[in-house]
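Survey of secondary and tertiary structure
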Amino acid sequence: MKTLIKNIKSLVQVEDKKRLAVCGEDMAKLPSIDNAYLLVNDDKIEDFGTMNDCPKEKFDKEIDAKNRFVLPSFCDSHTHLVYSGSREIEYIDKIKGLSYEEIAKRGGGIVNSALRVQKASEEELYDDAMQRLNSMIKMGTGAVEIKSGYGFTTEAELKMLRVIKKLKENSPLTIKSTFLGAHGVPLEYRDNVDGFVDKVINEMIPKVAQENLAEFIDVFCDKGFFTVEQTDRMLFAGMKYGLKPKIHANELDYSGGIEVGVKYNALSVDHLEYTGKKEIACLKASQTMPTILPGAAFFLNMKYCPARDMIMAGLPIAMASDFNPGSSPSGNMQLILTFACVNYKLTPQEALNATTMNSAYAMDVVDELGSICKGKKANFYITKDIPTIEYMPYFYGENKIDRVFLNGKEIV
Ligand code: NIG
Ligand code: FE
């Protein structure tokens, strides 16, 4: 089945040769072809070019883009979108002055979500998560990483991961699964965190691996959560079972999370509000993708990661939604573009690189997604009638996407 999309105002983020990531000053470049066509064969991109070279033969389906933009779908490389209920009451506590850590200390936050997930059935969790995925598709997301982490017990963690597995089987999105057993400390382990770490290592990881439920392992390595030493032990244990590290780091302090992630060649280290010269140097000497979560920093009103310093040092930057019920209750990647520009002073081109190519790298799908490239998966969208690409982050709060294609099929 071949589909031709013609009369594209500009086909954005094209590449002739697959790149691994976009670094430093290259992030300001967004290779595009004006007045273009795109040819899709089944679920893959077969060809593209200017309308002058558009093939003349008849295809199974022809779509007139009517002079609108076509972009590769967003890759959302960090979410916690399997959860039960919401936490707007804590949000009010936050407005009244309590910090994220204070809320966590009194059993709110992640602990609160864990208690709810433990009680929820697999079906409820699945239905709620599928609804969230479906609205993300409409907003232009084509690939999602989803974490466990609201289980706290082995049984509830496995339940979350089985839900993610079922989502993978039934959603047209490309989904990657991360085991985040060490997301918070269960109340009964408050005085024995190492005991919980042992349980993650000796009980949870082997079971996750045995059922083949995750590709990645994550740990919340930060002040008040898990130490560098505990993170080190858990990453080492996960890697023995083939789980690639991809961790929460330096959100609440200079926690050493970046360094331990790099030590184990993590795919990404995420959050990074506390990143200084030392951390930047460490990342420079690594293959690890620094990933910023602008939604969480905005929603928790935190200090912002020094994105410009990192780009000036030649680093790549990825951005993801961190969709979760506490620190970032939104999976809207178009909003992430706006936050990237307003709060981190990224240009729209840099923001698009951060949410397509670089976030694809951060979830290990850059070989098949993140750009318009021959042979890559046909996950892309046609915009509404917008004047420029800069309009994407500028006209915030509204969906600028008209038609969505995943695996070569029109979904929306
Ligand atoms: O990435 N920082 C740790 N974990 C999540 C928050 C999860 C929650 O509050 O439920 C995050 O922001
Ligand atoms: Fe997170």
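Preceding this paragraph is the structure being described.
Remember, it's a predicted structure, so these values are computed and weren't measured experimentally. (Residues numbered from 1 in each chain as written. Chains lettered and ligands numbered in written order. Predicted model: local features only at pLDDT ≥ 70, side-chain atom pairs only at ≥ 80, totals over all residues. Heavy atoms only, no water.)

Burial of helix α13 (residues 348-355) is extensive: eight of the eight residues sit out of reach of the surface. Among all positions of α13, only Pro348, Gln349, Glu350, Ala351, Leu352, Asn353, Ala354 and Thr355 are buried. (Buried < 20%, exposed > 50% of the residue type's maximum accessible area, 1.4 Å probe, protein only. Helix = DSSP H or I, 4+ residues; strand = E, 2+ residues; numbered from the N terminus.)

On to the coordination of the iron ion (ligand 2), then. The textbook angles at a metal center are 109.5 degrees for a tetrahedron of four donors and 90 or 180 degrees for an octahedron of six. Protein coordination at the iron ion (ligand 2): the donors are His78 (NE2), His80 (NE2), His248 (NE2) and Asp322 (OD), at 2.0 to 2.4 Å from the metal. Counting residues between consecutive donors of the iron ion (ligand 2) along the chain gives the motif H-x1-H-x167-H-x73-D. Remark: histidine 248 occurs in strand β10 (residues 247-249) and histidine 78 occurs in strand β5 (residues 74-79); sequence separation between them is 170 residues. Here histidine 78 matches histidine 248 in class, with each residue buried. (Donors = N, O, S within 2.8 Å, 3.2 Å for Na, K, Ca; no water.)

Surrounding ligand 1, one finds 15 residues, the nearest of these being Tyr100, Tyr150, His183, Asp322 and Ser327. At 2.8 Å, a side-chain N or O of glutamate 251 approaches a nitrogen atom of ligand 1. Protein chains bury 100% of the 330 Å² of accessible surface belonging to ligand 1 in isolation. Here the residues of the shell around ligand 1 sort into four nonpolar, eight polar and three charged. (Near = heavy atom within 4 Å. Polar contact = N/O pair within 3.5 Å; in protein donor to acceptor, adjacent residues only side chain to side chain. Areas by Shrake-Rupley, 256 points an atom, 1.4 Å probe, with all protein chains shown as cover. Nonpolar A, V, L, I, M, F, W, Y, C, P; charged D, E, K, R; others polar.)

Further remarks concern the packing of aromatic side chains. Overall, the coordinates contain 13 aromatic pairs when judged by the stated rule. For the pair phenylalanine 74 and tyrosine 381, a centre-to-centre distance of 5.8 Å together with 35 degrees between the ring planes defines the contact as tilted. One end of the pair, phenylalanine 74, is in strand β5; the other, tyrosine 381, is in strand β14 (residues 380-383), and 307 residues separate them in sequence. Given the relative accessible area of 0%, phenylalanine 74 is considered buried. In this structure tyrosine 381 comes out as buried when scored by relative accessible area, which is 1%. Ring centres 5.3 Å apart and planes at 55 degrees place the aromatic pair tyrosine 189 and phenylalanine 196 in the tilted group. With respect to class, tyrosine 189 is no different from phenylalanine 196; both count as buried. (Phe/Tyr/Trp six-rings, centres within 6.5 Å; stacked < 30°, edge-to-face > 60°.)

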